[in-house]
Amino acid sequence: MRQAARTEHILAAARAVLAGALLVAIYFDPATPVRNGVMAYTVLLTYACLSFAFFIWVRRRPIQSGIVPIVHALDFLAVVLISIFTHGPESLVYVCFTFVVLAAANRWGLLETVVTGGAFLIVFLIQGLAVTGLGSFDLKQFAMRSIYLSLVTGLVGYVAEGDKRGREENSLVARLLRMCQIEGELTPIIQTCLQVIGEFYRAKGVLILIHENSSQRTFRWQYPASGSETPSRLPELSPDEGRKYLFWAPAPVWSWRKLHSGSNCRTAWVGSDGVFKPQARFEPPELFPEAAFCDSLLAATFLFGDDLAGRLYILEPRLPSLPSREMLYLMRLSDEIGPVVLNLYLWRRLRSRVRVVEQARAAREMHDGIIQSLIGLELEIEALLIKNEQDAASRRQLERVQRILRQEGQELRDLMHRMKTPALTPDELLVFLSDLVTKFGYETGIKARFVSRTEAPHLPVKVCHEVARIVQEALVNVRKHSLATRVEVTLSSDEEGLILTIEDDGTGARLADTDSEETISENGWEPVVIRERVRLLNGSLRVESRTGPGVCLVIRIPASAQTKWWGAARS
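Anyway, here's the lowdown on the structure attached to this text. Every value quoted in this text rests on a predicted model; they were computed, and no experiment measured them.

The next subject is the packing of helix H12 (residues 461-482) against helix H14 (residues 528-536). One way to put it is that H12 packs onto H14 with a least axis distance of 10 Å and a crossing angle of 165°. Relative to H14, H12 is oriented roughly antiparallel. Crossing of H12 over H14 shows left-handed handedness. Each of Lys462, Glu466, Arg469, Ile470, Glu473, Ala474 and Asn477 in H12 lies in contact with H14, whose residues at this interface are Val529, Ile530, Arg533, Val534 and Leu536. Looking at the contact of H12 with H14, its residues break down into 6 nonpolar, 1 polar and 5 charged.

Shown next, in the form of structure tokens:
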């Protein structure tokens, strides 16, 4: 809106100067170019007065969008009247014609400029036939003038269209940069950015997928947004679902047309060297979901440093210019937005680490404060019991309070362990599990042993973190429910992935069917939290009952494929 008002201010000033200059030029023209002097000067004087009045008006009042077509029509009519009462197309009317064409180009674009120039050609043709008659009409001369006017119209419109598109592209980059710098939840920011991109391309929908290279996690956002996306939760995809969108592509930017025609899909791309290839052989994979819901799309692969890779899908875009230009612009958009997106991601990850540090600090304060107070109360009660000065009822009451304090203290220790679970790398996982099991045995008196039959597993950071939380939860269950005297945690691997075994000799569930979840629930024991965590890792959990006392949990975690699907993108 501001740009449109600025354009009208410039055109109003140019119109006033042009009208005054035409009056002076016709007055001093030695060839006496007017056909009807009185009418010519009247038209020019009226046009000049209206131009000056409009110039003053637009300087003081905001311009309504509905007035602009009326002003353009009056400019067109003024040029027609000037050409009638002067020497027509041979006079200074060419200057007015050029001004009106430039005004259309700056206000709108190529189409409106061509329509304006075509209307002028029709008027000039009718005027020439009316003045000279059909018999003496010089068709060759009119054809040359028409070619000249058409060239001026086409060139002005094309240059103005390119300049307008460039301003829109710069405005899009600026808006995206501003939105990425806003503090807040990540999901609303990304969805707003997708909405801006969708409106820019007038697309049916926009998808973006962000892939964390270190943790192998994939997140998906879309516009229009689905009802399941909430600001507090990142829309994470499973590995199988993510591979449907994140496949290897031979170029960083490409377009598909006629997707519904199957094997006749048309592909064009821009390579990493910036060369446009209009006819390429690259068809969507069979499992690509969007191929069934749209007939054309524009796609781009982005690299955000070494930590992130992403892919953008623009569904059913309406491209106002050549596909090659739009693809090159997407590459430019990647260069402009990439560092900001990376900073936004790093800032979010820094906040997560700060939250972990704060949790660890809260755990230390709990240990130094609440837990020490509970231990002190327990010792005082123990001292009272040793004195044995109470009656039987009071002694039972103190023993009950002592059990409650001991139980609550252990619950707080378990909570502290969960709060202090760090983000583990594969090299740190084995050491952490060994320390965790050893500390568990020291605190509970249960004989605990950790056995590792594998080297550092090749797992993402998220999976390592979840494995540590699973072992923590299993040890808590052993302490609370099993009455075990021995527990063993074993970590091994095979070709399919990681195997985690947790076995105790307590009085756990007696299971007749080791693979039935219903049977596990009927026997009164179900590791719900562990099972949910295993499902998040696309793993499997099997609860086995031994011939003697105890229960064994066997957890399998599949190895994740870490193929670089973004290999064709620019580094």
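More follows now that the structure is in view.
Moving on, we come to H12. With 22 residues, H12 extends 31 Å between its outermost C-alpha atoms, agreeing within 8% with the 32 Å of an ideal straight helix rising 1.5 Å per residue. The buried fraction of H12 is high, at 17 of 22 residues.

The next subject is the pairing of strand E11 (residues 497-504). Most of E11 sits inside the fold, with 7 of its 8 residues counted as buried. In terms of strand pairing, strand E10 (residues 486-494) meets E11 through 8 bridges, oriented antiparallel. Across the sheet, residue serine 492 finds its bridge partner in E11, namely isoleucine 499. Where E10 folds back onto E11 in an antiparallel hairpin, the turn is made up of 2 residues. Examined bridge by bridge, E11 and strand E13 (residues 551-558) share 7 bridges and lie antiparallel to one another. Residue leucine 500 lies in a different strand from E13, and its bridge partner there is isoleucine 555.

Taken together, the side chains of Ile70, Leu74, Leu77, Leu81 and Ile84 present a nonpolar region at the surface, about 430 Å² in accessible area. On the basis of relative accessible area, isoleucine 84 is assigned to the partly exposed category, the value being 36%.

Below, the discussion takes up the side chain of threonine 116. With respect to the secondary-structure elements, threonine 116 resides in helix H5 (residues 110-132). On the basis of relative accessible area, threonine 116 is assigned to the buried category, the value being 7%. Within the local environment of threonine 116, its side chain forms a polar contact with the side chain of histidine 72, the two groups lying 3.2 Å apart. Leave out the neighbours within four places in its chain, and threonine 116 touches His72, Phe76, Val100 and Ala104.

Reading across the sheet, the 8 strands line up as E3-E2-E1-E8-E7-E4-E5-E6 and stay open at both edges, with antiparallel pairing between neighbours. Looking at which strands have only one partner, the edges of the open sheet turn out to be strand E3 (236-237) and strand E6 (276-280). Alignment of strand E4 (residues 253-257) against strand E5 (residues 266-270), held across 5 bridges, turns out to be antiparallel. Note that in E5 the partner of arginine 257 across the bridge is arginine 266. Contacts between helix H7 (residues 186-201) and the sheet are confined to strand E1 (205-212), strand E2 (217-223), strand E7 (296-304) and strand E8 (308-315), with E2 contributing the most and set at about 50° to the helix.

Conventions and cut-offs
- Residues numbered from 1 in each chain as written.
- Predicted model: local features only at pLDDT ≥ 70, side-chain atom pairs only at ≥ 80, totals over all residues.
- Heavy atoms only, no water.
- Axes fitted to C-alpha atoms, helices over the stretch in contact; angles between N-to-C directions.
- Helix = DSSP H or I, 4+ residues; strand = E, 2+ residues; numbered from the N terminus.
- Parallel < 35°, antiparallel > 145°, perpendicular 65-115°, else oblique.
- Left-handed = near helix turned anticlockwise from the far one by under 90°.
- Contact = heavy atoms within 4.5 Å.
- Nonpolar A, V, L, I, M, F, W, Y, C, P; charged D, E, K, R; others polar.
- Expected span 1.5 Å × (residues − 1).
- Buried < 20%, exposed > 50% of the residue type's maximum accessible area, 1.4 Å probe, protein only.
- Pairing = 2+ DSSP bridges.
- Patch = residues over 30% accessible without salt bridge, like charges linked within 9 Å, V, L, I, M, F, W, Y side chains within 5 Å.
- Areas by Shrake-Rupley, 256 points an atom, 1.4 Å probe, with all protein chains shown as cover.
- Salt bridge = Lys/Arg side-chain N within 4 Å of Asp/Glu carboxyl O.
- Polar contact = N/O pair within 3.5 Å; in protein donor to acceptor, adjacent residues only side chain to side chain.

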